[in-house]
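Spelled out from the first residue to the last, the chains are:
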There are 2 protein chains.
Amino acid sequence: MYNYFMEKIVSKDNARVKRWTALKEKKERDRSGCFLVEGEHLIQEALTAGTVDTIITDLEESPFDFAEQVQVAEPVMKKLVSSVSGSHIAAVCRKLEQAPLQFRRLLLLDGIQDPGNLGTLVRTAVSFSFDAVYCSPECADLYNEKTVRSTQGALFHIPVIRVDLSDLILQLKAEGVETVCTALDGSRPMTVIPPSEKMAFILGNEGSGVSKHLQEISDVRMRIEMDGFESLNVAVAGGIVMYQYRNR
Amino acid sequence: MYNYFMEKIVSKDNARVKRWTALKEKKERDRSGCFLVEGEHLIQEALTAGTVDTIITDLEESPFDFAEQVQVAEPVMKKLVSSVSGSHIAAVCRKLEQAPLQFRRLLLLDGIQDPGNLGTLVRTAVSFSFDAVYCSPECADLYNEKTVRSTQGALFHIPVIRVDLSDLILQLKAEGVETVCTALDGSRPMTVIPPSEKMAFILGNEGSGVSKHLQEISDVRMRIEMDGFESLNVAVAGGIVMYQYRNR
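Residues numbered from 1 in each chain as written. Chains lettered and ligands numbered in written order. Predicted model: local features only at pLDDT ≥ 70, side-chain atom pairs only at ≥ 80, totals over all residues. Heavy atoms only, no water.

Let's talk about the overall build of chain A
For clarity, the threshold we go by: Only runs of H or I of at least four residues qualify as helices and only runs of E of at least two qualify as strands under DSSP, and these elements are numbered from the N terminus. Burial classes follow relative accessibility: with a 1.4 Å probe on protein chains only, a residue under 20% of its type's maximum area counts as buried, one over 50% as exposed, and anything between as partly exposed. Contact definition: two residues touch when any of their heavy atoms are within 4.5 Å.
When helices and strands are counted, chain A shows nine helices and twelve strands. Its C-alpha atoms put chain A at 60 × 35 × 30 Å along the principal axes. Split into buried and exposed, the 248 residues of chain A put 56% on the buried side. For chain A, restricting intrachain contacts to residue pairs at least 6 apart in sequence, the fraction spanning at least 24 positions comes to 77%.

Printed below as a string of structure tokens:
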């Protein structure tokens with residue numbers, strides 16, 4: 001069992017504490033490829049996925065059997081976790097950013113602004129066995145504390161990669177992947193587009209949809225059949241599309 | 001044109017102002033059957049649906065052609081609208097709570113807690129031409145300012161009725177409506193359940209799902225096919241179900 005501690009840190013000025021605290025900022029998460037998660041449930045998910053670097057707690061005993069665990073004083077813990085959660089345990093995790101070598105289903109997100117929508121889309125992608133999520137640089141950051149929570153731990157189970165979608169779509173097309181973009185005008189209804197071997201689906205910004213350029217370079221423009229009101233939340237639209245073309 | 005004003009109210013102690021302000025509280029909304037909406041977009045939707053009672057603004061001229069418009073002083077307006085929106089125009093609207101005489105598709109919500117999920121589910125129901133939404137008494141209130149906004153105006157286009165779902169399900173079954181409840185354990189996959197003439201779909205609480213009793217009295221227990229992770233946000237699950245059985 002590894003649920004004892006090698007050390008206890010009491011000073012907020014400790015170099016490691018400073019490095020962990022810096023992970024609350026996007027800049028440091030981008031630089032290091034790491035992020036913080038809070039609470040037993042999420043840490044359990046991260047352990048299962050093998051993406052935990054260090055567990056940090058102000059408890060006397062850790063509930064987890066893991067080699068890299070550090071005990072800290074209560075004020076240090078308070079500095080690390082969000083005041084909302086008030087968690088007594090947190091972990092530094094490594095982002096999953098490696099593109100899959102083999103895949104059948106990809107989700108491409110163009111400028112998703114709302115952290116809740118982004119987290120929900122990643123959660124849904126895992127549920128329907130998608131192989132990776134690609135985000136445009138304009139998307140919200142997946143690794144802030146609120147978004148991490150709304151994924152319900154799904155982000156440990158799927159690579160989420162930030163790229164220029166325009167380059168990616170051209171590359172996917174060259175590899176024979178069918179690129180399908182959701183759009184209202186001049187699009188074909190979803191039911192007439194059969195599943196094919198390798199597909200990538202592009203969803204767009206909450207207000208403006210998929211950008212015109214990406215619509216133009218995609219193989220297919222597709223719409224979800226609706227009557228009258230024609231208004232769907234992007235996470236709901238994504239759910240319908242991912243269910244329809246789920247990876248089986 | 002009716003975009004002029006019959007009167008201008010300057011006092012925050014005016015009896016009508018007090019009545020309008022009281023609509024910020026659920027109690028008064030329940031009592032009166034009315035609620036407040038803010039901003040031109042939502043008011044336009046409400047006017048199209050014919051559910052506006054009074055338009056209130058501190059503008060010099062109203063953008064709308066409507067008989068019942070009241071001009072108020074800026075401090076009165078500030079008291080009425082949320083500080084987030086800072087709108088200069090608001091409207092008192094009547095709730096749509098009349099059960100439809102004829103219907104093919106109903107959505108039943110059992111204890112949906114999150115206002116965003118509730119608003120999104122109502123928005124999706126309108127997009128797929130559902131005929132009414134029934135909420136258990138434990139559901140969040142649809143008519144607070146935040147939820148109204150997340151419906152994107154959909155709540156003017158569909159009756160949303162608060163009832164005891166247990167009584168309703170028994171009554172619907174007696175009328176020959178197929179009652180379908182979403183559940184994981186002991187349920188049949190969605191793809192083997194064909195659409196029938198009249199259907200009612202029951203979705204449950206974010207944490208605990210549909211209550212055991214409602215599961216027991218429903219005709220069918222249905223699950224959305226997933227692999228592994230088996231975790232969907234309830235608004236996403238609702239979107240997939242409502243698309244699959246949309247009213248055509």
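Observations regarding the relation of the copies chain B and chain A
Put simply, the test is: A least-squares fit on C-alpha atoms brings the copies together, and the residues used are those whose pLDDT is at least 70 in both copies.
Overlaying chain B on chain A yields an RMSD of 0.0 Å, the required transformation being a rotation through 180° with an accompanying axial translation of 0.0 Å. What the rotation and shift describe, once combined, is the action of a two-fold rotation axis. In this assembly the copies share their binding face: 100% of the residues contributing to the interface of chain B also contribute to that of chain A.

As for the domain arrangement of chain A
How large an interface is tends to be reported as the accessible area lost when its parts come together. Residues and elements named next belong to chain A. For clarity, the threshold we go by: For each domain, the first and last residues come from an automatic or database assignment. The term buried area refers to how much accessible surface (probe radius 1.4 Å) is lost by two components on association, counted for both of them together. Any carboxyl oxygen of Asp or Glu within 4 Å of a side-chain nitrogen of Lys or Arg constitutes a salt bridge here. Within 3.5 Å is the distance limit for a polar contact, defined as a pair of N or O atoms, with the added protein rule that one can donate a hydrogen and the other accept it, and that residues adjacent in sequence qualify only through two side-chain atoms. Residues are grouped as follows: Ala, Val, Leu, Ile, Met, Phe, Trp, Tyr, Cys and Pro are nonpolar; Asp, Glu, Lys and Arg are charged; all remaining types, including Gly, are polar.
As assigned here, chain A comprises domain 1 (8-94) and domain 2 (105-244). Computed over C-alpha atoms only, the centres of domain 1 and domain 2 are separated by 31 Å. At the junction of the two partners, domain 1 supplies 13 residues and domain 2 supplies eleven residues. Here domain 1 meets domain 2 over a buried area of about 1,100 Å², counting both sides, of which 66% is carbon and sulfur. Looking only at domain 1, the three residues that lose the most surface to domain 2 are R29, F35 and L42, adding up to 41% of its buried area. Where R29 meets D141, a salt bridge forms, and the shortest distance between an N and an O atom there is 2.4 Å. On the surface where domain 1 and domain 2 come into contact, there are four residue pairs in polar contact (both at pLDDT 80 or more). Mapped by element, the contributors of at least two residues to the side of domain 1 that touches domain 2 are α2 (26-32), β2 (34-38) and α3 (40-49). The greatest single-element share of the side of domain 1 that touches domain 2, amounting to five residues, is contributed by α3. A breakdown of the residues in the side of domain 1 that touches domain 2 according to their chemical character gives six nonpolar, three polar and four charged.

A closer look at the interface of chain B and chain A
With 32 residues of chain B at the interface, the matching set in chain A holds 32 residues. Taking both sides of the interface into account, the surface hidden between chain B and chain A amounts to around 2,300 Å²; carbon and sulfur atoms contribute 58%. The tally of links from chain B across to chain A stands at one salt bridge. In this structure, R246(B) and E225(A) form a salt bridge, with 4.0 Å as the shortest nitrogen-oxygen distance. At the level of secondary structure, the elements contributing two or more residues to the side of chain B that touches chain A comprise α5 (115-127) and α9 (234-244) of chain B. If one sorts the elements of the side of chain B that touches chain A by residue count, α9(B) sits on top with six residues. A breakdown of the residues in the side of chain B that touches chain A according to their chemical character gives twelve nonpolar, 14 polar and six charged.

Points about helix α9 (residues 234-244) of chain A
The buried fraction of α9(A) amounts to ten of the eleven residues, a majority that puts the element mostly inside the structure. Of the residues flanking the start of α9(A), the one acting as N-cap is N233(A), its side-chain oxygen 2.7 Å from the backbone nitrogen of A235(A).

Observations concerning the packing of aromatic side chains
Counted only if it meets this: The rule is short: rings of Phe, Tyr and Trp, with Trp giving its six-membered ring, pair when the centres are within 6.5 Å, and they are stacked under 30 degrees, edge-to-face over 60, tilted in between. Lysine NZ or arginine CZ positioned within 6 Å of the ring centre and within 35 degrees of the ring normal marks a charge as sitting over the ring.
One pass over the structure, following the stated rule, counts ten aromatic pairs over all chains. Consider the rings of F130(A) and F201(A), whose centres lie 6.1 Å apart with planes at 50°: the pair is tilted. Residue F130(A) is found in the loop between α5 (115-127) and β7 (132-135), and its partner F201(A) is found in strand β11 (residues 199-204); the two are separated by 71 residues along the sequence. For the ring pair F35(B) and Y143(B), a centre distance of 4.5 Å and an interplane angle of 55° mean the geometry is tilted. Residue F35(B) is found in strand β2 (residues 34-38), and its partner Y143(B) is found in the loop between β7 (132-135) and α6 (145-150); the two are separated by 108 residues along the sequence. Note on Y143(B): relative accessible area 5%, which makes it buried. Taken together, the ring pairs in this structure connect F35(A), Y143(A) and F156(A) into an aromatic cluster. Note that K198(A) overlies the ring of F103(A), its terminal NZ or CZ placed 4.7 Å from the centroid.

Things to note about the side chain of S231(B)
Structurally, S231(B) is set in the loop between β12 (220-223) and α9. The buried category is assigned to S231(B), whose relative accessible area is 13%. Within the structure, S231(B) has its side chain in polar contact with the side chain of R123(A) (distance 2.7 Å). The residues touching S231(B), leaving out its near neighbours within four places in the chain, are R123(A), S127(A), Q152(A) and M226(B).

A look at the confidence of the model for chain A
This is how it is decided: Per-residue confidence from the predictor is reported as pLDDT, which spans 0 to 100.
Mean pLDDT over chain A works out to 92, with 98% of the residues at or above the 70 mark. Prediction confidence for the complex, expressed as pTM and ipTM, is 0.91 and 0.89 respectively.

Some thoughts on the side chain of T51(B)
Within the secondary structure, T51(B) sits in the loop between α3 (40-49) and β3 (52-57). Sequence-distant contacts of T51(B), that is, excluding residues within four places in its chain, are made with A46(B), V92(B), C93(B), R94(B), L96(B) and F156(B).

Brief notes about α5(A)
All names here are of chain A. The test is simple: Each helix should span, by expectation, one fewer than its residue count multiplied by 1.5 Å.
Here α5 is 13 residues long and its end C-alpha atoms lie 19 Å apart, about the 18 Å a rise of 1.5 Å per residue gives. Burial of α5 is extensive: eleven of the 13 residues sit out of reach of the surface. Those residues of α5 that fall on the buried side of the exposure criterion are N117, L118, G119, T120, L121, V122, R123, T124, A125, V126 and S127. For α5, the N-terminal capping position is held by D114, with its side-chain oxygen 3.0 Å away from the main-chain nitrogen of G116.

A few points about the state of the cysteines
Note the threshold: Any pair of cysteine sulfurs within 2.5 Å is marked as a disulfide.
Summed over the entire model, instances satisfying the criterion amount to zero disulfides over all chains. Of the cysteine sulfurs around C181(A), a residue in no disulfide, the closest is that of C139(A), at 14 Å. For C181(A), a relative accessible area of 0% gives the class buried. Cysteine C93(B) remains unbridged, with the sulfur of C34(B) as its closest cysteine sulfur at 8.3 Å. Take C93(B): its relative accessible area is 0%, and that puts it in the buried class.

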